[in-house]
Amino acid sequence: YRAAYLYPDKVAVAAGKRRYTYRELAERSWRLANALRSAGLAKGDRVAALLFNSPAMLEAHFGVPAAGGILVAVNNRLSGPEIGYILQHSGAKYLLLDTGLEAVAEASGLAGVTVIRCDDTGVPGDPYEEFLAGASPARPASWLEHEEETISINYTSGTTGRPKGVQYTYRGAYLNALSEVIVAGMGTDSAYLWTLPMFHCNGWCFPWAVTAVAARHVTMRAVDPELIWELIDGEGVTHYNGAPTVQLMVVNHPRAHRLERPVTAMVAAAPPSPTLLARMSELNFRVVHVYG
């Protein structure tokens, strides 16, 4: 809300040729919230999102909490039975589903779940766009009663057993988002590239962090080093996050070149090697080692 109020005409989202301002991002998020309420969502209902990094996934991080629901961002790399277990265990009543993931979703079993399909086109005829179009763009009245209420549930990958759900609170997400702003050094002139999946710990809370400073979200549906370099150069990307495997794909790509201005790259998960860190420094990446 703050970003839309202070920077209504600033570009909030760059998704290919699509551009949404902060006013439009807010209105689309409020439409999603109002549409979910009209579909019967009650306070605390779980809304699962099986989506790629996209405007819809970003909007879910604002629209679902605004509706009074709890967001369950599902790992889109899991198998049908694993996804089915998460939907059942979380008690999801709604599912935002990218049509590119329809086959694995149907293999999971969707009984009792209201599915809102998304073609990720942004044009009329897209089921998700039709869902938004039928709702009000006005900010819905908040049902939040306490900052320690649950904003989202994230599931582990299930490597040592069944996936386990971890609840994030509004307060925890807020504090972590502001921490990311400080650690990454983001400001209103920043452009954040979505290489990190938004399903992973709510994208480390960067959907909220980037928006907190009214920076620009640059989305990409999957990690593609060719496209990463294209976006770094063409969109003026200043920040992105990724595991060492992603960083290796970037620095070893034929398009890799020394950057005229530094780009902050947060590295986490597995331990980065000294060789990788040296190569990133050569290319003028400002490396922030987070964990691993």
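Our subject is the structure listed above.
The paragraphs below set out a description of the structure included in this document. (Residues numbered from 1 in each chain as written. Predicted model: local features only at pLDDT ≥ 70, side-chain atom pairs only at ≥ 80, totals over all residues. Heavy atoms only, no water.)

## A word on unusual backbone geometry
Put simply, the rule is: For helices the rule is a DSSP run of H or I covering at least 4 residues; for strands it is a run of E covering at least 2, with both sets numbered from the N terminus onward. Categorising residues by exposure relies on relative accessible area from a 1.4 Å probe, with only protein chains included: less than 20% of the type maximum marks a residue as buried, more than 50% marks it as exposed, and the intermediate range marks it as partly exposed.
In this model, W204 sits at a positive phi of 55 degrees, which is unusual for a non-glycine residue. By secondary structure assignment, the location of W204 is in helix 8 (residues 201-204). The phi dihedral of A269 is positive, around 90 degrees, even though this residue is not glycine. Along the chain, A269 turns up in the loop between strand 12 (263-267) and helix 12 (274-282). Since its relative accessible area comes to 40%, A269 is described here as partly exposed.

## Notes on the sheet that holds strand 11 (residues 239-242)
For the record, the criterion: Two strands pair if DSSP finds at least two bridges between them. Only the contacting stretch of a helix is used when fitting its axis, a line to C-alpha atoms as for every element, and angles between N-to-C directions run 0 to 180 degrees. Residue contacts are counted whenever heavy atoms from the two residues lie within 4.5 Å of one another.
Taken together, the seven strands give an open sheet; going across it, the order is 2-1-10-9-11-12-13, and neighbouring strands pair in mixed fashion. Lying at the two open borders of the sheet, with one neighbouring strand each, are strand 2 (18-21) and strand 13 (285-289). Strand-to-strand twist of the sheet, defined as the mean angle between neighbouring strand axes without regard to direction, takes the value 20 degrees. Across the sheet, helix 12 is in contact with strand 11, strand 12 and strand 13; its angle to strand 13 comes to roughly 145 degrees.

## Side note on empty space enclosed by the protein
What counts, and what does not: A 1.4 Å probe that fits into a set of points on a 1 Å grid over the protein atoms alone but cannot get out defines a cavity; an open set with protein on both sides within 12 Å along at least five of seven lines defines a pocket, and lining residues are those with an atom within 4 Å of a point. Grid points are joined across faces, edges and corners, and a volume is the space filled by probe spheres set on the points. Here the nonpolar group is Ala, Val, Leu, Ile, Met, Phe, Trp, Tyr, Cys and Pro; Asp, Glu, Lys and Arg are the charged ones; every other residue, Gly included, is treated as polar.
Scanning the entire structure with this criterion turns up one cavity of 30 Å³ or more. Put simply, the largest cavity is a space of about 40 Å³. Lining the largest cavity, in full, are R18, R28, P55, A56, C118, D120, T121, G122, D126, Y128 and E129. Its residues assigned to classes, the lining of the largest cavity shows four nonpolar, two polar and five charged.

## A few points about the environment of L132
With respect to the helices, strands and loops of the structure, L132 is situated in helix 6 (residues 127-133). A residue is classified by how much of its surface remains accessible, and L132, at 2% relative accessible area, is buried. Residues L132 and L36, 96 residues apart in the sequence, show an inter-C-alpha distance of 9.3 Å. Leave out the neighbours within four places in its chain, and L132 touches R28, R31, L32 and E59.

## Examining helix 10 (residues 225-234)
Residue pairs three or four apart in sequence face the same way in an α-helix, which turns once every 3.6 residues. To be explicit about the condition: The directions considered for the arc are those from the helix axis to the C-beta atoms. Think of a polar contact as two N or O atoms within 3.5 Å of one another; within protein, one of them needs to be a possible hydrogen donor and the other a possible acceptor, and neighboring residues in sequence only count if both atoms come from side chains.
Those residues of helix 10 that sit buried are P225, I228, W229, L231 and I232. One side of helix 10 carries all its buried residues, which in axial view fall inside an arc of 165 degrees. On its buried face, helix 10 sits against strand 9 (191-194), strand 10 (216-219), helix 11 (244-251), strand 12 and strand 13. Between a side-chain oxygen at the N-terminus of helix 10 and the backbone nitrogen of E226 the separation is 3.0 Å; the capping residue is D224. Backbone geometry just downstream of helix 10 places G236 in the positive-phi region, at approximately 65 degrees.

## Re the pattern of salt bridges
Here is the rule: One side-chain nitrogen of Lys or Arg within 4 Å of one carboxyl oxygen of Asp or Glu is enough to make a salt bridge.
Summed over the entire model, instances satisfying the criterion amount to 14 salt bridges. Salt bridges here are not isolated pairs; linked through shared partners, they connect R18, D98, D120 and R221.

## Here we look at the layout of surface pockets
Of the volumes computed, that of the largest pocket is approximately 1100 Å³. Contributing to the lining of the largest pocket are 37 residues, with Y1, F62, I151, Y170 and W208 lying nearest its centre. When residues of the lining of the largest pocket are traced back to their parent elements, those giving at least two are helix 1 (2-6), helix 2 (22-38), helix 3 (55-67), strand 7 (150-155), helix 7 (170-184) and helix 9 (206-212). If you tally residues by element for the lining of the largest pocket, the top one is helix 7, at six residues. Tallied by class, residues from the lining of the largest pocket come to 23 nonpolar, eight polar and six charged.

Geometric descriptors of this kind do not, in isolation, establish any biological role.
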